[in-house]
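Fold and geometry: a report
The lines below spell out each chain.
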Amino acid sequence: MTGQLSTYGDDDDARCVFCGALAAGDCARCQRSVCGDCCVLTSGGIRTWAICLDCQERGGQSLRAEWMTVAGWVVIPILLLLAAAVAYVTWMH
Ligand SMILES: [Zn+2]
Ligand SMILES: [Zn+2]
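Residues numbered from 1 in each chain as written. Chains lettered and ligands numbered in written order. Predicted model: local features only at pLDDT ≥ 70, side-chain atom pairs only at ≥ 80, totals over all residues. Heavy atoms only, no water.

**Examining the side chain of Ser33**
Mapped onto the elements, Ser33 comes out in strand E2 (residues 33–34). If we ignore the near neighbours within four places in the chain, the residues touching Ser33 are Ala14, Arg15, Cys16, Val17, Ala23, Gly25 and Asp26. (Helix = DSSP H or I, 4+ residues; strand = E, 2+ residues; numbered from the N terminus. Contact = heavy atoms within 4.5 Å.)

**As for the nonpolar core**
With seven residues, the main nonpolar core is built from Cys27, Val34, Cys39, Ala50, Ile51, Cys52 and Cys55. Counting residues per element, this core draws most heavily on strand E4 (residues 47–52), at three residues. (Core = buried A, V, L, I, M, F, W, Y, C linked by side-chain atoms within 4.5 Å. Buried < 20%, exposed > 50% of the residue type's maximum accessible area, 1.4 Å probe, protein only.)

**Things to note about the environment of Ala14**
Inspection of the secondary structure assignment puts Ala14 in the segment before strand E1 (25–26). Given a relative accessible area of 14%, Ala14 falls into the buried group. A C-alpha to C-alpha distance of 8.4 Å links Ala14 and Gly25, two positions 11 residues apart in sequence. Leaving out residues up to four positions away in the same chain, Ala14 has contacts with Ala21, Leu22, Ala23 and Ser33.

**So, the coordination of the zinc ion (ligand 2)**
Where a metal carries four tetrahedral donors, each ideal angle is 109.5 degrees; where it carries six octahedral donors, the ideal angles are 90 or 180 degrees. Only Cys27 (SG), Cys30 (SG), Cys52 (SG) and Cys55 (SG) from the protein reach the zinc ion (ligand 2) as donors, at distances of 2.2 to 2.3 Å. Here the donor residues of the zinc ion (ligand 2) share one chain and are spaced in sequence as C-x2-C-x21-C-x2-C. Classification of Cys27 as buried rests on a relative accessible area of 1%. Judged by relative accessible area, Cys30 falls into the partly exposed class, the value being 25%. (Donors = N, O, S within 2.8 Å, 3.2 Å for Na, K, Ca; no water.)

**With respect to the confidence of the model for the chain**
Close inspection of predicted coordinates is inappropriate in any region flagged by low pLDDT. Looking at the chain, pLDDT values average 81 and 78% of them are 70 or higher. Averaged pLDDT values over the elements of the chain bottom out at 80 in strand E3 (residues 39–44) and peak at 93 in E2. (pLDDT = per-residue confidence, 0-100.)

**Examining the coordination of the zinc ion (ligand 1)**
Around the zinc ion (ligand 1), the protein supplies Cys16 (SG), Cys19 (SG), Cys35 (SG) and Cys38 (SG) as donor atoms, at distances of 2.2 to 2.3 Å. One can describe the site at the zinc ion (ligand 1) as tetrahedral: its four donor atoms subtend angles covering 105 to 115 degrees at the metal. Read from N- to C-terminus, the donor residues coordinating the zinc ion (ligand 1) fall into the pattern C-x2-C-x15-C-x2-C. One end of the pair, Cys19, is in the segment before E1; the other, Cys38, is in the loop between E2 and E3, with 19 residues separating them in the sequence. (Tetrahedral: all angles 85-135°; square planar, octahedral: opposite > 155°, others 65-115°.)

Given below as C-alpha cells:
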C-alpha cells in the first residue's frame, strides 16, 4: 500500500522504562520508551520532542554520551573489519 508509518507497529507492547506503564513514545535523546508521565515535552523547532526524565536531569551532559555511543557504533565495526582484514592477509601469507 502507500507508505504508512510501519515502525509504529512494533510499539504496541512497548513499556515505559521508568514505571512499566504502556509507553507513549520514545525519548528523543536516548530512544528509550517512556510513558506520558515520565517524560517532559520540549518544543524543538517545528515539532515537539519527548525527553525522558533521565535525559532532562542530565541535560547537556547526555549530548556527549550520545555522541560517544554513536562513535562507538561507527568505530567498533570498522575496527572489527580492519582486524578481520589484517588477520586474513596475515593468514594468507
Ligand atoms: Zn512511566
Ligand atoms: Zn532519554
